[in-house]
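An overview of the molecular structure
Here are the chains, one letter per residue:
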Amino acid sequence: MNAKERFLAFRRSAPRAPHLEATTVRARGLDFAVYSTPAVDGATPLLCINGGMVYSHILLWPALSPLAGRRQLILYDLRGRGHSQVPPGARAARIEHDALDVRALREALGFAQWDVLGHSWGGAIAMLGAAEDVEGVRNLVLVDAVGLTPEWLDALHGVALSRLTGEAHHRLAAFDPVQLHDPEPGRQAEYNRALYPAWFHDGELGMMFSPPLSRSETGAAVVARLRREGFDWREAAARIRARTLLVHGTSDMIPVSQAERTAAIIAGAVLRLVPEAGHMPFWEQPELFFATIEEFLA
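This write-up is about the structure you can find in this document. (Residues numbered from 1 in each chain as written. Predicted model: local features only at pLDDT ≥ 70, side-chain atom pairs only at ≥ 80, totals over all residues. Heavy atoms only, no water.)

**A word on the pattern of salt bridges**
Under the definition given, this model contains 21 salt bridges. When the shortest N-O distance is used, the salt bridge between Arg 106 and Glu 107 registers 3.9 Å. The exposure class assigned to Glu 107 is partly exposed, which follows from its relative accessible area of 45%. Between Arg 261 and Glu 151 there is a salt bridge, with its nearest N and O atoms 2.8 Å apart. Placement of Arg 261 in helix H10 (residues 256-265) and of Glu 151 in helix H4 (residues 151-163) is noted, with a sequence separation of 110 residues between them. In this structure Arg 261 comes out as partly exposed when scored by relative accessible area, which is 26%. Via salt bridges that share partners, Arg 94, Glu 96, Arg 225 and Glu 229 belong to a single interconnected network. (Salt bridge = Lys/Arg side-chain N within 4 Å of Asp/Glu carboxyl O. Buried < 20%, exposed > 50% of the residue type's maximum accessible area, 1.4 Å probe, protein only. Helix = DSSP H or I, 4+ residues; strand = E, 2+ residues; numbered from the N terminus.)

Right under this line is the structure:
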């Protein structure tokens, strides 16, 4: 089967996504929109942190709903995204602020420990959060996480252009990556949408998905700062003590070499590659993706 057929077959066979209960949780002086599936007795909850930097939790829901059968899933909108409160001085926002929210939310929700899954930029938040909450994060799952230093980000625009054709290529080519150093929310939102088709291994499947045009002053400020100032998270990664699994599509625009480098720095980390998958292996290879994560968390 091709990727589209695999995805449709998996969705037909998967149980219906459970209801998400929405609540508001106060942490670090802000009100966070938190969403959870029903609790499962004896199972450690799994916090899921979405990527995209400007988006809400909907990037991972119901995509990750098959994981809810054996554990409670906790999703939330990052500060200043979705329905979570915008922090004071949003233009001064940093990814470190997002990372510190991970522990604060765990404590506010009353969990002694939980497992954490982060996708894409959410992988960076999960890594930094686990480094600051060594006792609170039991297992860490990084799904096509961004690299620890920015060379992959510097090359991303050119790689994406080489993957796109026709109108999609023209839409992305209209952007100058230097403009993305400016935290203007509308520009960041439009760029994310133009870039989106290039994340897929299978272009036909990619055409089935389109992210919402999400504007967030907070998220735009965070990603613009990372582009403008750079980053180096190697020291933080070396402090992680959670059991760690990296899952990475072999056709992701973030090269496999970045995942290999991260796995070499986090003590005991295991890397599992997903063939014929780009940045969203939960859509392009769902059966293998979920089986890999279930085996690790079990």
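Now that the structure has been shown, we can carry on.
**Quick word on unusual backbone geometry**
Of the consecutive residues Trp 61 and Pro 62, the connecting peptide bond is found in the cis state with omega at 10 degrees. Tracing the backbone through its elements, the reader meets Pro 62 in the loop between strand E3 (46-49) and strand E4 (73-76). Phi is positive for Met 53, close to 65 degrees, though the residue is something other than glycine. In this model, Asp 144 sits at a positive phi of 45 degrees, which is unusual for a non-glycine residue. By the element assignment, Asp 144 lies in the loop between strand E6 (137-143) and H4.

**Some remarks on the pairing of strand E2 (residues 30-36)**
Counting buried positions over the seven residues of E2 gives six, a clear majority of the element. The antiparallel hairpin formed by strand E1 (residues 21-27) and E2 contains two residues in its connecting segment, where Arg 28 sits at a positive phi of about 50 degrees. As judged from the three bridges shared by E2 and E4, these two strands associate in the antiparallel manner. By the bridge assignment for E4, Tyr 35 is matched with Leu 75. (Pairing = 2+ DSSP bridges.)

**Some details on the nonpolar core**
In globular proteins that are soluble, nonpolar side chains generally tend to be buried together. With 101 residues, the main nonpolar core has Tyr 76, Trp 121, Trp 233, Trp 283 and Ile 293 as its most contacted residues. If one sorts the elements of this core by residue count, helix H3 (residues 121-132) sits on top with eight residues. (Core = buried A, V, L, I, M, F, W, Y, C linked by side-chain atoms within 4.5 Å.)

**Some thoughts on the packing of helix H1 (residues 3-13) against helix H12 (residues 286-297)**
Contact geometry of H1 with H12 gives a least axis separation of 9 Å together with a crossing angle of 60 degrees. In terms of orientation, H1 lies oblique with respect to H12. Between H1, through Arg 6, Phe 7 and Phe 10, and H12, the contact on the second element is made entirely by Pro 286, Glu 287 and Phe 290. Among the residues forming the contact of H1 with H12, the class breakdown is four nonpolar, no polar and two charged. (Axes fitted to C-alpha atoms, helices over the stretch in contact; angles between N-to-C directions. Parallel < 35°, antiparallel > 145°, perpendicular 65-115°, else oblique. Contact = heavy atoms within 4.5 Å. Nonpolar A, V, L, I, M, F, W, Y, C, P; charged D, E, K, R; others polar.)

**Digging into the sheet that holds E6**
Pairing is mixed across the open sheet formed by eight strands, whose spatial order is E1-E2-E4-E3-E5-E6-E7-E8. Pairing within the sheet leaves two strands with one partner each, and these edge strands are E1 and strand E8 (270-274). On average, each strand axis in the sheet is tilted by 25 degrees relative to the strand beside it, whichever way the strands run. The sheet contact formed by E3 and E4 spans three bridges and is parallel. By the bridge assignment, Cys 48 is partnered in E4 with Leu 75. The strands touched by H12 within the sheet are E3, strand E5 (114-119), E6, strand E7 (243-249) and E8, with E6 carrying the most contacts at an inclination of about 160 degrees.

**A look at the side chain of Asp 133**
Position of Asp 133 among the secondary structure elements: in the loop between H3 and E6. A relative accessible area of 1% means that Asp 133 is categorised as buried.

**Structural notes on the packing of aromatic side chains**
Across all of its chains, the model carries 15 aromatic pairs by this definition. With 3.8 Å between their ring centres and 10 degrees between their planes, Phe 209 and Trp 283 make a pair best called stacked. A residue pair is termed long-range when its members are at least 10 positions apart, and Phe 209 in the loop between helix H7 (203-206) and helix H8 (217-229) and Trp 283 in helix H11 (residues 281-284) qualify at 74 residues. The pair formed by Phe 209 and Trp 283 is uniform in burial state, with each residue classed as buried. Considering the side-chain rings of Phe 282 and Trp 283, the 5.2 Å spacing of their centres and the 75 degrees angle between planes classify their relative orientation as edge-to-face. For Phe 282, a relative accessible area of 3% gives the class buried. Members of the aromatic cluster, each reached through a chain of ring pairs, are Phe 7, Phe 10, Tyr 196, Phe 200, Phe 209, Phe 282, Trp 283, Phe 289 and Phe 290. (Phe/Tyr/Trp six-rings, centres within 6.5 Å; stacked < 30°, edge-to-face > 60°.)

**Points about helix H6 (residues 185-195)**
An α-helical turn contains 3.6 residues, so any two residues separated by three or four positions project in the same direction. With respect to burial, H6 is a largely interior element, eight of its eleven residues being buried. Along H6, the positions that sit buried rather than exposed are Pro 185, Gly 186, Gln 188, Ala 189, Tyr 191, Asn 192, Ala 194 and Leu 195. Packed against the buried residues of H6 are H4, helix H5 (166-173) and H8. Where H6 starts, the residue carrying a side-chain oxygen 3.1 Å from the main-chain nitrogen of Gly 186 turns out to be Glu 184. (Polar contact = N/O pair within 3.5 Å; in protein donor to acceptor, adjacent residues only side chain to side chain.)

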